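Per-entry structural report
So you can see what is in the structure, the chains are spelled out below.
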Amino acid sequence: MDLRWPLLRQLTGGDRTGRGPAAKSARTEALRARTSTADRVVKSVCPYCAVGCAQNVYVRDERVVQIEGDPDSPISRGRLCPKGAASLQLTTDAGRRQEVLYRPPGGADWQPLDLDTAMDMIADRVIATRRETWEQERDGMRTARTMGIASLGGATLDNEENYLIKKMLTALGVVQIENQARVCHSSTVVGLGTSFGRGGATTFLQDLQHSDCVLIQGSNFAEAHPVGFQWVMEAKARGAVVIHVDPRFTRTSALADLHVPIRAGSDVAFLGAIVNHVLENELYFREYVVNYTNAATILREDYRGAEDLDGLFSGFDPGSRAYDVGSWQYEGMTAAPASGARDQQYGQRGGGAPPGRTEVQGGTGVPLEGRPERDETLRHPRCVLQVLRRHYARYTPEMVERVCGVPRHLFEEVCRHLTENSGPERTAEFVYAVGWTQHSDGSQFIRAASILQLLLGNIGRPGGGIQALRGHASIQGSSDIPTLFNLLPGYIPMPYAHEHERLCDFLRGDAPQQGFWANMPAYLTSLLKAWWGEAAREDNDYRFGWLPRLTGSHSTYDTVIAQLEGTVKGYFLLGENPAVGSANARMQRLGMANLEWLVVRDFNLIESATWWQDGPEIESGELRTADIGTEVFFLPAACHTEKNGSFTNTNRLLQWHHQAVEPQGDARSDLWFMYHLGRIIREKLAGSQDPADAPVLNLTWDYPVHGETAEPSAEAVLAEINGWDAQGRPLSGYGELKDDGSTACGCWIYCGVYADGVNQAARRKPGTEQDWIAAEWAWAWPANRRVLYNRASARPDGSPWSERKRLVWWDAGAGEWTGHDVPDFEAGKSPGYRPAPDAAGVDALSGIDPFIMQADGKGWLFAPAGVVDGPLPTHYEPQDSPVANPLYGQQRNPVRKVYEHADNRYQPSGNEPGASVYPYVVTTYRLTEHFTAGGMSRFTPYLAELQPEMFCEVSPALAAERGLVHGDWATIVTARNAIEARVLVTDRMPSLHLDGRVLHQIGLPFHFGPNGLAKGDAANELSAISLDPNSHIQEVKALSADIRPGRRPRGPALPELVRSYQQRAGVDASTGMEA
Amino acid sequence: MAFDLEEQLDQSRRVGFFTDTSICIGCKACEVACKEWNHVPDDGLDFTGWSYDNTVGLSADTWRHVAFVEQRKPLGHQESGVGDMDFRWLMASDVCKHCTHAACLDVCPTGSLFRTEFGTVVVQEDICNGCGYCVPACPFGVIGKREESGLAAKCTMCYDRLGAGEEPACAKTCPTDSIQFGDLDELRERAERRLDQVHAAGTTSARLYGHDPNDGVGGTGAMFLLLDEPEVYGLPPDPVVTTRDLPSMWRHVGVAALALLAGVAATAWYGGRK
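Residues numbered from 1 in each chain as written. Chains lettered and ligands numbered in written order. Predicted model: local features only at pLDDT ≥ 70, side-chain atom pairs only at ≥ 80, totals over all residues.

**Brief notes about the overall build of chain A**
The secondary structure content of chain A amounts to 33 helices and 37 strands. For 1075 residues, the compact-globule formula gives about 31 Å, and the C-alpha radius of gyration of chain A, at 28 Å, lands near that figure. Considering chain A as a whole, with its 1075 residues, one finds that 65% of them fall into the buried category. In chain A, the proportion of contacts linking residues at least 24 apart, taken out of those at least 6 apart, comes to 74%. (Helix = DSSP H or I, 4+ residues; strand = E, 2+ residues; numbered from the N terminus. Rg over C-alpha atoms; globule rule 2.2 N^0.38 Å. Buried ≥ 20, exposed ≤ 12 C-beta atoms within 10 Å, placed from the backbone. Contact = placed C-beta atoms within 7 Å.)

**A look at the overall build of chain B**
Along the backbone of chain B there are eight helices and ten strands. Projected onto its principal axes, the C-alpha positions of chain B cover 90 × 40 × 40 Å. Taking all 274 residues of chain B together, the buried fraction comes to 47%. Taking the intrachain contacts of chain B between residues at least 6 apart in sequence as the baseline, contacts between residues at least 24 apart amount to 64%.

**Examining the sheet that holds strand β10 (residues 241–245) of chain A**
Residue and element names in this part refer to chain A. Strand order across the open sheet formed by five strands is β11-β10-β9-β14-β15, with parallel pairing between neighbours. Strands with a single pairing partner mark the edges of an open sheet, and in this sheet they are β11 (258–260) and β15 (466–468). Strand-to-strand twist in this sheet, taken as the mean axis angle between neighbours without regard to direction, amounts to 20°. Bridge count between strand β14 (residues 428–432) and β15: three bridges; the pairing is parallel. In the strand pairing of β15, Tyr432 is matched with Ala468. (Pairing = 2+ DSSP bridges. Axes fitted to C-alpha atoms, helices over the stretch in contact; angles between N-to-C directions.)

**A look at the sheet that holds strand β3 (residues 63–69) of chain A**
Sheet strands pair by backbone hydrogen bonding; their relative direction is either parallel or antiparallel. Residues and elements named next belong to chain A. With antiparallel pairing, three strands are arranged side by side in an open sheet as β1-β2-β3. In this open sheet, the two strands that pair with only one neighbour each are β1 (40–45) and β3. Pairwise comparison of adjacent strand axes, ignoring direction, gives a mean angle of 30° for this sheet.

**Quick word on the interface of chain B and chain A**
Taken together, the 54 residues of chain B in the interface contact 66 residues of chain A. Mapped onto the side of chain B that touches chain A, the elements with two or more residues apiece are α1 (5–8), α2 (29–38), β3 (88–95), β4 (113–115), α5 (159–163) and α6 (169–173) of chain B. Looking at which element gives the most residues to the side of chain B that touches chain A, the answer is α2 of chain B, with six residues. Within the side of chain B that touches chain A, the residues separate by chemical class into 22 nonpolar, 15 polar and 17 charged. (Nonpolar A, V, L, I, M, F, W, Y, C, P; charged D, E, K, R; others polar.)

**Some remarks on unusual backbone geometry**
All names here are of chain A. The omega torsion of the bond from Trp781 to Pro782 falls at -5°, within 30 degrees of zero and hence cis. Relative to the helices and strands, Pro782 is located in the loop between β25 (779–780) and β26 (808–811). One non-glycine residue, Ala774, lies in the positive phi region at around 50°. According to the C-beta neighbour criterion, Ala774 is buried, with 22 such atoms within 10 Å. The phi dihedral of Tyr789 falls on the positive side, at around 60°, and the residue is not glycine. Within the secondary structure layout, Tyr789 lies in the loop between β25 and β26.

**Re the packing of helix α16 (residues 397–404) of chain A against helix α17 (residues 408–420) of chain A**
Residues and elements named next belong to chain A. Two elements in contact, α16 and α17, have axes whose closest approach is 9 Å; the angle formed by their N-to-C orientations is 115°. Crossing of α16 against α17: the hand is right-handed. On the side of α16, the interface is formed by Pro397, Val400 and Glu401, while α17 contributes Arg408, Phe411 and Glu412. In terms of residue class, the contact of α16 with α17 is built from three nonpolar, no polar and three charged. (Left-handed = near helix turned anticlockwise from the far one by under 90°.)

**A word on the confidence of the model for chain B**
For chain B, per-residue confidence averages 91 on the pLDDT scale, and 91% of positions sit at 70 or higher. Here the complex is predicted with pTM 0.95, and the ipTM for its interfaces comes to 0.95. (pLDDT = per-residue confidence, 0-100.)

**Side note on helix α28 (residues 670–685) of chain A**
Each α-helix turn comprises 3.6 residues. Residues three or four places apart therefore point the same way. Residue and element names in this part refer to chain A. Over its 16 residues, α28 runs 22 Å from end to end, which matches the ideal 22 Å to within 8%, given 1.5 Å per residue. When we look at burial in α28, the residues that qualify are Asp670, Leu671, Trp672, Phe673, Met674, Tyr675, His676, Leu677, Gly678 and Ile681. Where α28 ends, the next residue or the one after it, Gly687, has phi of about 90°, a positive value. (Expected span 1.5 Å × (residues − 1).)

**Considerations on the packing of helix α6 (residues 159–171) of chain A against helix α30 (residues 714–722) of chain A**
Residues and elements named next belong to chain A. Relative to each other, α6 and α30 sit at 70°, their axes nearing to 9 Å. Relative to α30, the element α6 is oriented roughly perpendicular. Considering how the two elements wind past one another, α6 and α30 form a crossing that is left-handed. Residue-level contacts link Asn159, Glu160, Tyr163 and Leu164 of α6 to Ala714, Val717, Leu718 and Ile721 of α30. (Parallel < 35°, antiparallel > 145°, perpendicular 65-115°, else oblique.)

**Quick look at the pairing of strand β1 (residues 15–20) of chain B**
All names here are of chain B. Counting buried residues in β1 gives six out of six residues, a clear majority hidden from the surface. Neither face of β1 is left uncovered, since the one carrying Val15, Phe17 and Thr19 and the one carrying Gly16, Phe18 and Asp20 both have all their residues buried. The pairing of β1 with strand β10 (residues 222–226) spans four bridges and is classified as parallel. Its bridge partner lying in β10, Phe18 is registered against Met223.

**Brief notes about the nonpolar core**
In this structure, Val214, Ile243, Cys952, Ile972 and Ala1041 of chain A together with Ala33 and Cys104 of chain B are the most contacted members of the largest nonpolar core, which totals 405 residues. Among the elements that take part in this core, helix α22 (residues 520–532) of chain A stands out by supplying nine residues, more than any other. By size, the runner-up hydrophobic cluster in this structure holds six residues, among which are Val64, Ile67, Leu88 and Ala660 of chain A. (Core = buried A, V, L, I, M, F, W, Y, C linked by C-beta atoms within 7 Å.)

**What to know about α16 of chain A**
Residue and element names in this part refer to chain A. Buried residues of α16: Val400, Glu401, Val403 and Cys404, and no others. Looking at the buried residues of α16, the elements they touch are α11 (267–280), α17 and β33 (992–994). Phi turns positive one or two residues past the end of α16, at Gly405, with a value near 75°.

**Considerations on the pairing of β3 of chain B**
All names here are of chain B. With eight of eight residues buried, β3 is to be regarded as a mostly interior element. In β3, alternate side chains face the same way, and those of Arg88, Leu90, Ala92 and Asp94 on one face and Trp89, Met91, Ser93 and Val95 on the other are all buried. Two elements, strand β2 (residues 64–71) and β3, share eight bridges in a ladder whose sense is antiparallel. Looking across to β3, one finds that Glu70 is bridged to Trp89.

**Side note on the environment of Val122 of chain B**
Tracing the chain through its elements places Val122 of chain B in strand β5 (residues 121–123). Along the primary structure Val122 of chain B and Met249 of chain B are separated by 127 residues, whereas in three dimensions their C-alpha atoms are 27 Å apart.

The following block contains the structure:
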């Protein structure tokens, strides 16, 4: 009798009602979780934001069948946000492109092309364009470069891929190498780097749990980094106060204890007022401030600040729109910065005037020596603390109401929470993201927070610090191993063109002589050895001359201008979508329409690949497909499960992801693309006697390959990044690097990631088996330290400030620093050590100098160098603002970078005539459900359905004022363009009361574009190219616009609408261009 | 009803969800992880304007659904921030309740819906004939019919994962642990402890939903900590198993039938005497 027959089971078993086991079908009985039937589980890392959640990739029959969180990760604890959870669909969906496509000049449609032919054609174009545009000299100085080729992309790629891109393109003489890090967090590197010595977040996500007060400002933490936000919830569960300061009430605000609505772009005024509150009420952490910051340092007599000069600092030259920064220096010492404008004082320190640069800041006549004068009573009128006090005296609570629209009681609540939760027993942590970085004075937003955290004594301590949340899987890595024009690996500056410049001149000009940066000769020599191997010798300056030279700003926005001017002819887009994601998206497309060739590597046909066929300018009639001469190559990219490599997360943690399966069709990794492109080019150039080809032909480029696709070994690239000694043995740390050519190292701060020949980034000891530091999970730069500047977690005498906030301390018995984290200090340097007067390099730092990368070992409240728009953060209005600066006569940042171009018109601001034509503040942002310019989310059905269409968020008051209907359409207009969006009328978008008026703000997610499943106009159609002068980051977090009901016009009527607004506002080439 | 859940559970214990909406960040990872694991198709690309909710509600193609509620009310401990106005934004991830007394199960004529060894209620698509009786039977409006196949579909609490000793995909992925999975009795205690905490923190409007075995569905296998009335989230305030009255209805039918029979007999007898 067959007992599988349900009725029999029902009658004979215990399940008489037939609703339990008796009803179970054979199929149900046979169900097995595909996680349990997988052939193997491959360890990986989520490819979206920079939290760096660990993934388990389940493979069966050589196909990925499931991706989910890895519970072993101490960061993510097995959890994934909607994007991470959708990565199975991202990587395996049938809609993903797997074939090469080719669009000939003037062509109406794509054509198929085989991969080998495409690679060969691209190599030919690189060689030809390079030959045609080679520039050996400019203005009599050797530049040895091509300005005809540019590349953009890297933040979503692996460190090893960025390394090969930078290495090969630099050898080819390409200097316009950029990636998303420019557009997202370049101002972080300047802000944190000049303040503390390194440009990375000072802490790590899990340490948030120890914070007593978490202040989130300029970040929508819960939405943009959901899995990292679990540590805020842990802190809250332990009693921490969570504050969210933001123009909008977001999913972060919903979980905060206090939401403070603020006018977009006014954060420096808000933070400056807290600084004022802390100083005036003597609430700073005095012992910390005296010993660990430059508060006691005395400034030169000729320094004048914004308080004296109505918003300017001494040394301003309106003609060149630049500061001579000499008067900002310390009395008795010239300090070179650890970050920011490193080349500022080249002329004086290296000999000869710094020529040929657009951002020459002048310099000082003082050589790099001496000790700064200090007054540890902090009473000297020219000591930094007193200068700070005077500078921020006008940043009062009343001013916060007028500038920021924040009511006084709310502001005072924030001050109270912050100061009550700072001190020996308690710590507060700041969290920010691109809400702070993307302004025409973005670096100063970060500086303002740095000053405050130094005053409160929160840097280098558990639960303290500044958390810079980065939004791409390896955007920290693409800064560290920079696909950025102005940097070499490990933040070594790219050399500028100077006459007769040799390695020694460069080092004398750009390297500080005290602190760990004094070892720059060893870092740079080892890099040159890694790139040019045997060809790099002492007698040829280690081929320092083979590096192409900069002559000004070559940022991605300068590249766009150069495309429009016809200088740039070839362009690589490596996982980046500027037609949606970069400021002034229309200009990005017009620039590409002026190229000779374009290579797009992506998963899908993003807007940057198809603009010639169906872009907005085709619709408006401004461009005709047949007239566009750009040759376009689309090459499908391999995804994270299809390649080996490391991502560096937002807290400097390198995590290795292992290849699970082979890519399909023509999809290849960017490691493969760059390696084979370089190989083909080298084969084609073989035998060339042209000196310009020598750097390419002598480049070390012999990586082992494997498999059918001849994929290069990522681990071999990582080994080169780590470096080796003369015998080829892997180095274990940057302390082993030499300046005599006996060591090679591709990125000195990553030295140690391959110590003992072991891939330390692949370490995965479960978080549950370690303390909260989890030092054996992956590897963090520098030297696997997780909390930077942690020497400051101890008193000057080396004992912890308190039991509660114990992290690193001096063990007098053992004569060394010890603790939970790796000490960020020389292990054997006692707290009592004081340098001899003639000490140099690291020896010049005393036992109480926790900021070891700084020339003076101190945290910089006042930045005597490195920040080109002022030593102290000062509130300026955004480039386009409906508000007149209430603090100073100076309306805008006087040294901001603006570009006069018919497609990049600025708007009148404040009290200027015509400003009322664009009366509302616009801010742009991310949504949880999407990813940056949409290439990895708008084409993914499970994500697209969650936020399927572009929308704008407005307050009920603004909706009433302009007749906007919820769910209907609105058109938003600036001097650049107009877009349409569905209307969400919501109380989450509060209108602000400031200076006797009601100010409305409009919220725009920036993800959308015309391609993919989730569609809409791109918010970046509205933004202008106006940049922070330090970092060249664009201002897209605060601009002004008008909004009106209804859809935007189609065809030629669209540019006509934009023009009519311009005319009404009186916009012309001079609008907003003043210094 | 004659069904004895405890008997069905065999050796294992009844498992379930506790969704603590006080720590939900509305990220919708649960919606996506559920779809990835269970191969649930996407549910259409419609912009609704309902705050950040574009999937609208539970259906055959959405087995976890996050509701977004914007309210001009203060959130207990939260200090008023939005100008002079109180405001809060509630988010809650809804799911099949896996009721103790499950009407969908009661009305299923094919045995497609069954009670598993974990105490959960699961549709077997190879048995379902698409009759759709279960759809109106559910007091929560959870179950639906898929357009393409015509078959009923809803949350299985990842029945296959439970068999492998793994937690459901939504609970595993939840970034803030708003969705917790475990032994139902233990979860019930945890929910009560959490409610005390939330009350102590000042959110007195918080309440549990589905935890009471004496409610109209005998308690649910998916409990919630809500910050407002259930109706605010689109949940029925007092759900009752729609088959609750079936036994008494059958009794009444029986009585009526007997009465009718008696009447007929009496009539026949009376009529026969004439």
